[in-house]
Amino acid sequence: MSIQNTKIYPINTGWCESDLGTYMFFKGEPGEKIQIPVLCFYVDTGEHKIMVDTGLPDAERATKYHHSCQKKDCLDSPDELRKLGVEPDEIDICIFTHLHWDHTHNMKQYRNARYIAHATEIRWAHNPLPLYYRSYESPMLGIEAPFIGCQFELAEGVAEIVPGVTVFPTPGHTPGHQSVQVETAVGNIVICGDAVFRFRNMEPRPEEHWRYWVQQRFVSMIDGWRSVEEIDRRADFILPGHDEAVMDHPVYPYEGMPLRERRKPVEGAPFYFTGI
């Protein structure tokens, strides 16, 4: 593999309504609704064709069981992939940041792929806390989750999936969440999944002395904050899971792409964890 040739293509599978206060930002504006994209990513290393997450179902199912959803001009991830000139059967690996409903639909259409998820996430997805029945499309709802019947390879801790593509634990949003670090010609791009919803989550909120304005949707706020610090330590560029600005560029890296400073100190807004 040559990192010079590695490219990441964002795919938007549709739009869901979300709340700034209960989802996007900790102590954000409650009741203020926005439309957010539901993103997955196609990674082409030259030797491997990889999907990171597989996106939304149809709008009717999404709206009935989850959030108000519109596909607009977006297609399911296999069809969006075809627009890039790649057939779903060409995908040899599907890496899942986590197994929530909006990250796993259509996964069975990638028939030749290895499915990789964190071991903790597999256990949790098959037996979630009742508060998360909808997130994992529990059979308690009378429906079948897209991952049922699939054989997974289990990641535990930091693991190199193929040369230049590494998963590392980022729990918080879910107990078994992981993010994906991709080595490219310009540096490490981290596909965050839902460890980071929006680019703004990585920025400080000085009036509160917070180094990051993290999201609200964590099962563990302590783990979630630690995961954001770990992403900050690793990433020269980040790709969050639900920010429309990701779609400003059809491929990453792109010419002139600005790189971020890792773990940049901000006066009055300290880091919490050290030595990570």
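Notes on the structure follow. (Residues numbered from 1 in each chain as written. Predicted model: local features only at pLDDT ≥ 70, side-chain atom pairs only at ≥ 80, totals over all residues. Heavy atoms only, no water.)

1. Notes on the overall build of the protein
Piece 1. Each helix and strand in the protein was counted, giving 5 helices and 12 strands.
Piece 2. Viewed in the frame of its principal axes, the protein has a C-alpha envelope of about 50 × 45 × 35 Å.
Piece 3. Put simply, the protein has 276 residues, and 56% of those count as buried.
Piece 4. A sequence separation of at least 24 residues applies to 66% of the contacts in the protein between residues at least 6 apart. (Helix = DSSP H or I, 4+ residues; strand = E, 2+ residues; numbered from the N terminus. Buried < 20%, exposed > 50% of the residue type's maximum accessible area, 1.4 Å probe, protein only. Contact = heavy atoms within 4.5 Å.)

2. Thoughts on the layout of surface pockets
Piece 1. In this structure, the largest pocket spans a volume of roughly 400 Å³.
Piece 2. Lining the largest pocket are 14 residues, and of these F199, M202, E203, R260 and E261 lie nearest its centre.
Piece 3. The class makeup of the residues in the lining of the largest pocket is 8 nonpolar, no polar and 6 charged.
Piece 4. Roughly 320 Å³ of volume is contained in the second largest pocket. (1 Å grid on protein atoms, 1.4 Å probe; cavity = no way out; pocket = protein on both sides within 12 Å on 5 of 7 lines; lining within 4 Å. Points joined across faces, edges and corners; volume = space filled by probe spheres on them. Nonpolar A, V, L, I, M, F, W, Y, C, P; charged D, E, K, R; others polar.)

3. So, empty space enclosed by the protein
Piece 1. Per the stated rule, a full pass over the model turns up 1 cavity of 30 Å³ or more.
Piece 2. There is about 30 Å³ of room inside the largest cavity.
Piece 3. Along the walls of the largest cavity sit L39, C40, F41, V52, D53, T97, H103, I191, G193 and G241, which together make up its complete lining.
Piece 4. Mapped by element, the contributors of at least two residues to the lining of the largest cavity are β2 (33-44) and β11 (187-193).
Piece 5. Of all the elements, β2 adds the most residues to the lining of the largest cavity, at 3 residues.
Piece 6. Taken together, the residues that form the lining of the largest cavity break down as 5 nonpolar, 4 polar and 1 charged.

4. What about the pattern of salt bridges?
Piece 1. Under the criterion given, the structure shown has 19 salt bridges.
Piece 2. Across the pair R262 and D236 runs a salt bridge, and its minimum N-O distance is 3.0 Å. A residue pair is termed long-range when its members are at least 10 positions apart, and R262 in the segment after β12 (237-240) and D236 in the loop between α5 (221-234) and β12 qualify at 26 residues.
Piece 3. Classification of D236 as buried rests on a relative accessible area of 14%.
Piece 4. One continuous salt-bridge network, built from bridges that share partners, spans D79, R82 and E87. (Salt bridge = Lys/Arg side-chain N within 4 Å of Asp/Glu carboxyl O.)

5. Quick notes on the sheet that holds strand β8 (residues 159-162)
Piece 1. Across the sheet, which stays open at both edges, the 5 strands sit in the order β8-β9-β10-β11-β12 with mixed pairing between neighbours. Only two strands of the sheet have a single partner each, and these edge strands are β8 and β12. Within this sheet the neighbouring strands show an average axis-to-axis angle of 25°, counted without direction.
Piece 2. As judged from the 5 bridges shared by strand β9 (residues 165-169) and strand β10 (residues 178-184), these two strands associate in the antiparallel manner. Within β10, the position partnered with T166 by the bridge is Q181. (Pairing = 2+ DSSP bridges. Axes fitted to C-alpha atoms, helices over the stretch in contact; angles between N-to-C directions.)

6. Observations regarding helix α4 (residues 119-126)
Piece 1. Within α4, burial applies to A119, E121, I122, W124 and A125.
Piece 2. As for α4, its buried residues are in contact with β6 (114-118) and β7 (152-155).

7. Quick notes on the pairing of β10
Piece 1. Along β10, 6 of the 7 residues are buried, which leaves the element largely enclosed by surrounding structure.
Piece 2. Relative to β11, β10 runs antiparallel, the two sharing 5 bridges. The partner of E183 across the bridge, within β11, is N188.
Piece 3. Counted between consecutive antiparallel strands, the loop separating β10 from β11 contains 2 residues.

8. Focus on the packing of aromatic side chains
Piece 1. Applying the stated rule across the entire model yields 13 aromatic pairs.
Piece 2. By the ring-pair criterion, three or more aromatic residues cluster together here, those being F199, F237, Y252 and Y254.
Piece 3. Over the face of the ring belonging to W15 we find K72, whose NZ or CZ atom lies 5.0 Å from the ring centre.
Piece 4. Over the aromatic face of F271 sits the side chain of R263, whose NZ or CZ is 4.0 Å from the ring centroid. (Phe/Tyr/Trp six-rings, centres within 6.5 Å; stacked < 30°, edge-to-face > 60°. Lys NZ or Arg CZ within 6 Å of the ring centre and 35° of its normal.)

9. With respect to the sheet that holds β2
Sheet strands pair by backbone hydrogen bonding; their relative direction is either parallel or antiparallel.
Piece 1. Strand order in the open sheet formed by 7 strands is β4-β1-β2-β3-β5-β6-β7, and the pairing between neighbours is mixed. The open sheet is flanked by β4 (69-70) and β7, the only strands paired with a single partner.
Piece 2. Taken together, the 11 bridges between strand β1 (residues 7-19) and β2 define a ladder with antiparallel strand orientation. When the bridges of β2 are listed, C16 appears paired with I36.
Piece 3. Along the sheet face, α4 touches β6 and β7 and points at about 85° away from the line of β6.

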